[in-house]
Each structure stands twice: as structure tokens, then as C-alpha cells.
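Notes for the structure review
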Amino acid sequence: MRVEQLSIDIVGLAGACSYALDCIEAEFVNVKNKHGKRVAYISVCMAKYCAIQGDALQDLAICALLHDNALTQYISEEVQKYPDTDIKNDLSENKTNMHCVYGEKNITKIPFKTDISNVILYHHEHADGTGPFQKKWNEIPLFARIIHLADVIDAIANNIKFRQEKWDKCCEFLVQQKGLLMLSGGIDSPVAGYLALKWGIKIDAIYFEAIPHTSLNAREKVKTLAKELLKYTTDINLYVVPITKLQEQIYKNCDSTYIITILRRMMYRISEQLANKNEQLVLINGESIGQVASQTLNSMRVINEVVKIPVIRPVACLDKLEIIEIAKKINTYETSILPYEDCCTIFVPRHPVINPKHEKCLKEEQKINYEQLIKESIENTMIINIKDEEQFSDIL
């Protein structure tokens, strides 16, 4: 007797079940049809910002599709027990609690590839511990947090009683968490961008070039790195800032041991001005403590002092091998090691200062008209919008 293996499209099956449940649910509560699929779509979109991929992304999609799998089950039981109950207006915290309990049990036989324990059970919990089970942020699985937020967004957006101004405020909050990544062609800054995206910070990027000292190949290299980061976000504005004149003036007029320190201070000033102009709340870079002369603690302090904007350094306490491991994981390593120099690797002094002094930096900067040069660089900045064309039809 020949035995054939049965193949099942588990995501498609979950989608079909979700749609059937949604049709019934729409009869009971104030929710439009296809609620499960919308929550799944929103969840998958948010998951990209948390660097969730592969099997984990598929499992999240299934959980989101079936997050309310027991709601109609519980409501129908309530109707049978209490036929006079107005279900639409009586979905109490206890009912929310119970449909989560039932729902968690219902999915135990689904062949998930990752651990989804308590995702359905805690998908109505609030970060402050005011949910039905009174679990706080660190006790709630990441998938449950994502689904809960997606659930709330969909419920708000599809409630005819919800005022437009409140929805606008929600949208404003969700998009305002943005930072400006100082993206070079090296190994560290793309990893820093990835780690920032992983924690929900949407990013744009800034790249400094000094043509003809740097090449167009170097710019293309940075664009390729930005495209790799699109796996975790939807679009990135890449600000290409020409600093040839500025860098040449520093090289010709300033103490050679301070060239890199002064250049970095200029980059910070330019980045802050562009960030403030474009409503990016923080700067993000790939500085790792002690890795090069400009990244000693004293150098970082002297460089950082020229800006007021917060600076996030996600790889600051990682060693090079740890950074390389992440770079290989996110597929930026091979691009980063291509031999195209950026403006931080040209005109490098033989003995760069590792303990720069504040007063000395001010003295060296007085030798050049840096404010005018910065203004010219910003005015000639080119913006390249790098978009994600990928759709989620293969997942949902």
C-alpha cells in the first residue's frame, strides 16, 4: 500500500477559519468583517520593525488571524445561558478574560514552528498591568503585544463612533518615533540601524561624501546597505551630503592630529540640523567604544558636545566579532567590506588624537569658516527615497 504525505497550507487554512469566525463575530459585536485578516496584516507590518522574519513571522500571522478564535464560542455560550443579555454592550473584562483562555487552548494542536505560548492568552494585556490578567510589559510575549496594538488600531479605525481627530493623533504618535542614522559604508552603522529598527525606531539615513576623493561606487554601496535595511522597515530617506569643500578646508588648515575629531564634529552639526528640519528625534550611529581614535570615551564626549539632540549608539558595547556576526545575519557584511572608501577613511592622519581637548577643538575650528561651509553642504544635499516594494500577499 502506497502512503502519501498530506500537505496543508496552514496559513491559508488559518485565514479561511479566521474569515468564517469574523462573519459570525460581526453579527454579535460592533466589528466590521475581515477583522482577523486586518489585524494579521497590521501585525505583520509592525513585525518588520522588530526584525521578525521566516517561521516566526508566519507563526505571528497565524496567531493574529486566530487571535479571537474563541470569541464567538464564548459569546454563544453566554447567549444560551443568559438569553436576555445584550452581548454588544456587555463584553466585560471577565468575558475578555475567558475568550483568551479558551482561545489559547484551541490553538494547542496547530503545528507552530516557534514558541507561541501565552500569545493568545495575553493578547488583551496592557503594558501598565491593567489588562484582564494584570500582566505588565515584561510578562507579555512580544507577539501578544503586537497583536494587541494591531487589534486596538483596527477596532478604532473601524468604529463609526470614533472621532477622526483621535485617529489622527494615533497616526501621529505611531509615525513620530523616527531617528536619523549616520550611515557610512562600514560594518557597524548598518548593524546600528538594524538594532534601532528592531526596537521600533523608524529610520532615515545620512551619508557624507567628498567627491572626487570618494567615488560614486561608495554611494551605491551605501544605497545597497539601506536597501538591506528595508527588510525591517518600509522606506528610508537617504540624505547624501556633499562635504568636499568642508573636508578639504579641515585638511589644509587644521592640526593634522585633530582632522578626524573636527570632521566628526562637523558631521554631527550637519546631522542635527537635518534631523531637526525633518522631525527626526535622535541621531543613531555605529560608534563602538575604543574601536578607533574618534571612539574613545573622551573623543566621543568632545565630538558629542556640539549637538543637543540625543545620540543613540546601539553597538557601543559590542566587540567587533559580535557586530560582524549580526552584519552577516542581516546580509550587510559582504557589502560593507567592498573596497570603496568613505570620507572618514580618506585623509586619515598617521597619529590621530585619542584624547582631544575641548579648547583645542575650538581653536582649530576658528581656522575655517565652517558655518558657511555647513550651510552650503546642507543646501546641496540630495535626498534619495528608498522604498520597499514587497507585498504581504505571500504571508496573508
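Let us look at the structure shown here. Sequence order as written defines residue numbering, which begins from 1 separately in each chain. Since the coordinates come from a predicted model, pLDDT governs what is reported: local features require at least 70, and pairs of side-chain atoms require 80 or more to be given and counted, while whole-chain, interface and lining totals use all residues. Here the side-chain values reflect all heavy atoms present in the structure, with hydrogen atoms and water set aside.

A few points about the environment of Ala144
In DSSP terms, a helix is any run of H or I states spanning at least four residues, a strand is any run of E spanning at least two, and both are numbered starting from the N terminus. Along the polypeptide, Ala144 turns up in helix H6 (residues 142–157). Since its relative accessible area comes to 0%, Ala144 is described here as buried. As a C-alpha pair, Ala144 and Ile116 span 28 residues in sequence and 8.9 Å in three-dimensional space. Those residues within four positions of Ala144 in sequence are excluded, and the remaining contacts are Asn118, Val119, Tyr122 and His123. A simple rule labels every residue: compare its accessible area, found with a 1.4 Å probe on the protein chains alone, to the largest value its type can have, and call it buried under 20%, exposed over 50%, or partly exposed in between. Contacts were defined at the residue level, with two residues in contact if any of their heavy atoms lie within 4.5 Å.

Considering the pairing of strand E3 (residues 235–242)
E3 sits mainly inside the fold: six of its eight residues count as buried. Tracing the backbone out of strand E2 (residues 202–209), into helix H9 (residues 216–229) and back to the parallel element E3 gives a crossover that is right-handed. Strand direction decides the pairing type here: E3 and strand E6 (residues 382–387), joined by six bridges, are antiparallel. By the bridge assignment for E6, Leu238 is matched with Ile384. The path from the first strand over the helix to the second decides the hand: if it runs clockwise while the strands point away from the viewer, the crossover is right-handed. What makes two strands pair is DSSP finding at least two bridges between them.

Description of the packing of helix H10 (residues 244–253) against helix H16 (residues 370–379)
Between two packed helices, both the angle of their axes relative to each other and the distance between the axes serve to describe the pair. Axis geometry follows a simple rule: fit a line to the C-alpha atoms, using only the stretch in contact for helices, then measure angles between N-to-C directions, giving values from 0 to 180 degrees. Across the interface, H10 lies against H16 with an axial gap of 8 Å and an inter-helix angle of 155 degrees. What the angle tells us is that H10 and H16 run roughly antiparallel. For the pair H10 and H16, contact is made by Lys245, Leu246 and Gln249 and by Tyr370, Leu373, Ile374 and Glu376, respectively. Throughout, the ten residues Ala, Val, Leu, Ile, Met, Phe, Trp, Tyr, Cys and Pro are labelled nonpolar, Asp, Glu, Lys and Arg are labelled charged, and all others, Gly among them, are labelled polar. Residues of the contact of H10 with H16, tallied by class, amount to four nonpolar, one polar and two charged. Working rule for angles: under 35 degrees goes down as roughly parallel, over 145 as roughly antiparallel, 65 to 115 as roughly perpendicular, anything else as oblique.

Concerning the pattern of salt bridges
A pairing counts as a salt bridge when a side-chain nitrogen of Lys or Arg comes within 4 Å of a carboxyl oxygen of Asp or Glu. Taken as a whole and judged by the stated rule, the model has 17 salt bridges. Between Arg313 and Glu287 there is a salt bridge, and its shortest N-O distance comes to 2.6 Å. Taken as a pair, Arg313 in the loop between strand E5 (311–312) and helix H13 (320–329) and Glu287 in the loop between strand E4 (282–284) and helix H12 (297–304) lie far apart in primary sequence, 26 residues in all. Judged by its relative accessible area of 18%, Arg313 is buried. Here Glu287 falls in the buried class, since its relative accessible area comes to 2%. Lys360 is the partner of Glu364 in a salt bridge, and the nearest nitrogen-oxygen pair spans 3.0 Å.

A word on the sheet that holds strand E1 (residues 178–182)
Ordered in space as E5-E4-E1-E2-E3-E6, the six strands form an open sheet in which the pairing is mixed. Each edge of the sheet is formed by a strand with only one pairing partner; in this case those strands are E5 and E6. Taken together, the three bridges between E1 and E4 define a ladder with parallel strand orientation. What sits directly across from Leu181, in E4, is Ile284. In this fold helix H11 (residues 259–277) packs onto E1, E2, E3, E4 and E5, with an angle of close to 155 degrees to the strand it touches most, E1.

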